[in-house]
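Given next are the chains, with one letter for each unit.
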Amino acid sequence: MSWLLALPIVVPFLTAVLAFLTRQSPLGRWISVAGSAVLLFASITLMNTVLRDGVIAGQMGGWAAPFGITLVADLLSAVMVLITAIVAVAVSIYAIADVDEGMERLGYHALFNMLIAGVVGAFITGDLFNLYVWFEVMLIASFGLLVLGGRPEQIDGGVKYVALNLVSTIMFLTGIGLLYGMTGTLNMADLATAVDDADQRLLTIVAVLFMIAFGVKAAVFPLFFWLPASYHTPAFSVSAVFAGLLTKVGVYALLRMFTLVFDHDTAFTHTILLWVAGLTMVVGVLGAAAQSDMRKILSFHIVSQIGYMILGLALLTPLAIVGAVFYLVHHIVVKANLFLIAGVAQRIAGGTELSRIGGLYKSAPLLAVLFVVPAFSLAGFPPLSGFWAKFLLVKAALDVQGWIIAGIALAVGLLTIYSMTKIWAQAFWEPHPDGIEPKLSSLSSRDRAAMLIPIAGLAVLTVIIGVMPEPFVQFAEASAAQLLDPTAYITAVLGEQP
Amino acid sequence: MEFLFAITVGVMVSAAVYLMLSNNLLRFIFGLVLISNAANLTIFVSGRLTDGAPPLIPEGADAPLVDVANALPQALVLTAIVIGFGLFAFAIVLVFRAWTTLNSLTPDDMRLAEPEEAQK
């Protein structure tokens, strides 16, 4: 069983090595696409196994849990790995058109696949220190990708990104040290029971340390400032994969730790999370309203959407967790897609600054249709995926008489529509200020295919989730049940407990 | 012994925070190095300190016969140091690059990616 768990980590890792060796030739990009396809296959296999057998766990290096490093996949891990693989395939195809040879020679494909390896590792590990290691793998690869090309804005954004993420890393490390000192274990399943014997007040302090560490990664208020400072600077395929995956690793870590380990004082920790969720939603969406660049608007919307997922975690009812899981999956698809579309707009209309582009609706109607799907899904229009995600969360909030937070969630949805229509009106409807007609046919046929196929694929996925939400909601329900009652998770890792 | 280490960690963290709050990127990096070492010490101490008891298992036995030092925190700290080394190497090069391209080490002057007034 353990090879099945290790495979989604090993595949991108090997791909990265191969892509590094072939970075001087155009072969690298095809290796990257092939590697992502194999990863997709591996993650589908993993998902099938988890659906069939329940939570699966494997001990690396032959040391039994809780002493060795455990890899474990429950439904949430499996779906996160699967969605990561889907984004990896989409972005690696898109990169054929988006990433120039200069960046390839500097090792873009190697860094990209290393990033994917780190993300998958973080989703699949069952050991806290190992989670730290995967965070670092992800972080160092993202540093490289962010400043690759070395334009001054990238360096500028990179400094802020690196600085704040390193602070978060150290918080995480300190938290790990203190938790180990209190419980003597770092295995997450073992921690779930071991924390019961620890000093509960001290445990709350450690919980807050973890909340800050993961909060920086997830870009929640008031820790999100690195995100809008940097996400609009690198290549479009880079910001798409960052937007889709990186912050979600933080959300995943919060979701995992605050349902499995830190559920001892929910009145305190989850109340903080509720405030954080509300403020994140509001500040993010207001920040977006003030921006006039497509990528900056989208960056602030990442922040605001993270608030919804944290809201699900903060409410901690079964329905709320269902909403959070559903939101997580839907948002990765939609957000990565919007950044990919911004990349096409930049290529054919000459920028992402809204006042300097226009006319896309008239001259590139296909792109307009492809934009409408994720944009309206993000805003929560039925019947797209975002509607069901928001519906579940608002329903969960109303169920516990959270009138105010439900109101905030709805109002933020409304403001999201404002931002999306702003992009729509200025980039698509208004004529181009320079009078040119941005046409998709100005791209070479190879670039056109490489850019539009992943966008169309992700858009179709958004529509499928939206039109047929039933299986996805059922899946999210099963996954939420596993999160709220971690017995299966603990048993899979440690064996039957007396 | 743990008490002494705890005080040391506290002093290191406060010095690090002082450095990190200054308006100079290089000082920020120095603060970061210092605080990461404080975090490493925290992990080291949380494994409890035992004097003069190397974690060696005598030949023929399956487990150490007497109370020995906890070897795990050392493995963790070693990993953290190696990772930290890589990250700081990158961070220092990035700061150097920022200095050569942006001609400044003051974060307040770094407004290229986020101009103060959105240019219309």
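In this text the structure is predicted, and so the values were computed from the model without any measurement. By convention here, each chain's residues receive numbers from 1 onward along its written sequence. Starting at A for chains and at 1 for ligands, labels are handed out in the order in which the entities are written. Where totals are concerned, whole chains, interfaces and linings use all residues; where local detail is concerned, this predicted model gives features only for residues with pLDDT of at least 70, and gives and counts side-chain atom pairs only at 80 or more.

**A few points about the packing of helix α14 (residues 318–349) of chain A against helix α17 (residues 385–399) of chain A**
Residues and elements named next belong to chain A. Heads up, the condition is: Axes, fitted as lines to C-alpha atoms, cover a helix only where it is in contact. Angles between the N-to-C directions of the axes lie from 0 to 180 degrees. Only DSSP runs of H or I reaching four residues or more are called helices, and only runs of E reaching two or more are called strands; each is numbered from the N terminus. An angle counts as roughly parallel when it lies under 35 degrees, as roughly antiparallel when it exceeds 145, as roughly perpendicular when it falls between 65 and 115, and as oblique in every other case. Two helices cross in a left-handed way if the nearer one is turned anticlockwise from the farther one by less than a right angle. They cross in a right-handed way if the turn is clockwise. Any two residues are considered in contact once their C-beta atoms, placed from the backbone, lie within 7 Å. Just so you know the grouping, Ala, Val, Leu, Ile, Met, Phe, Trp, Tyr, Cys and Pro go in nonpolar, Asp, Glu, Lys and Arg go in charged, and all remaining residues, Gly too, go in polar.
Where α14 contacts α17, the axes come no closer than 8 Å and their chain directions differ by 155°. Here α14 is positioned roughly antiparallel relative to α17, judged by the angle of their axes. In the crossing of α14 with α17, the sense of the turn from one axis to the other is left-handed. Packed against α14, whose contacting residues are L319, A320, V322, G323, F326, Y327, H330 and V334, the element α17 presents S385, G386, W388, A389, L392, L393, K395, A396 and D399 at the interface. Partitioned by chemical class, the residues of the contact of α14 with α17 number 11 nonpolar, 4 polar and 2 charged.

**Observations concerning the interface of chain A and chain B**
Across the boundary between the two partners, chain A contributes 29 residues, which contact 29 residues of chain B. Looking at the side of chain A that touches chain B, the elements that each hand over two or more residues are α6 (128–147), α7 (152–183) and α10 (226–230) of chain A. Looking at the side of chain A that touches chain B element by element, the count peaks at 18 residues for α7(A). Taken together, the residues of the side of chain A that touches chain B break down into 17 nonpolar, 9 polar and 3 charged.

**What about the UniProt feature "transmembrane region" (unreviewed entry) in chain B?**
Residues and elements named next belong to chain B. Note the threshold: UniProt positions are given in the numbering used here, feature names are shortened, and annotations may be inferred rather than shown by experiment.
UniProt records the feature "transmembrane region" (unreviewed entry) at residues 25–45 and 75–99, using the numbering of this structure. For residues 25–45, the helix share is 100%, the strand share is 0%, and the end-to-end C-alpha distance is 30 Å. Helix makes up 100% of residues 75–99 and strand 0%, and the two end C-alpha atoms of the span are 36 Å apart.

**Side note on the pairing of strand β1 (residues 56–60) of chain A**
Residue and element names in this part refer to chain A. Here is the rule we go by: Any residue whose C-beta has 12 or fewer other C-beta atoms within 10 Å is treated as exposed, any with 20 or more as buried, and any in between as partly exposed, C-beta atoms being built from the backbone. Paired strands are those between which DSSP finds at least two bridges.
Across the 5 residues that make up β1, a large majority, 4, are buried. One ladder, built from 5 bridges, connects β1 with strand β2 (residues 69–73); its direction is antiparallel. By the bridge assignment for β2, G58 is matched with L71.

**Focus: the environment of F224(A)**
Residues and elements named next belong to chain A. Topologically, F224 is positioned in the loop between α9 (200–218) and α10. Put simply, F224 and L164 are 60 residues apart on the chain and 9.1 Å apart in space, counted from C-alpha to C-alpha. Each residue touching F224, except ones within four places of it in the same chain, is listed here: A219 and V303.

**Here we look at the nonpolar core**
Residue and element names in this part refer to chain A. Put simply, the rule reads: Joining buried Ala, Val, Leu, Ile, Met, Phe, Trp, Tyr and Cys residues through C-beta atoms within 7 Å gives a set, and that set is a nonpolar core.
Among the nonpolar cores identified, the biggest contains 241 residues, and A336 and L393 are the most heavily contacted of them. Broken down by element, this core gets its largest block of residues, 23 residues, from α14. Residues contacting L393, with those up to four places away along its chain left out, are Y308, L311, G312, A320, G323, Y327 and A409.

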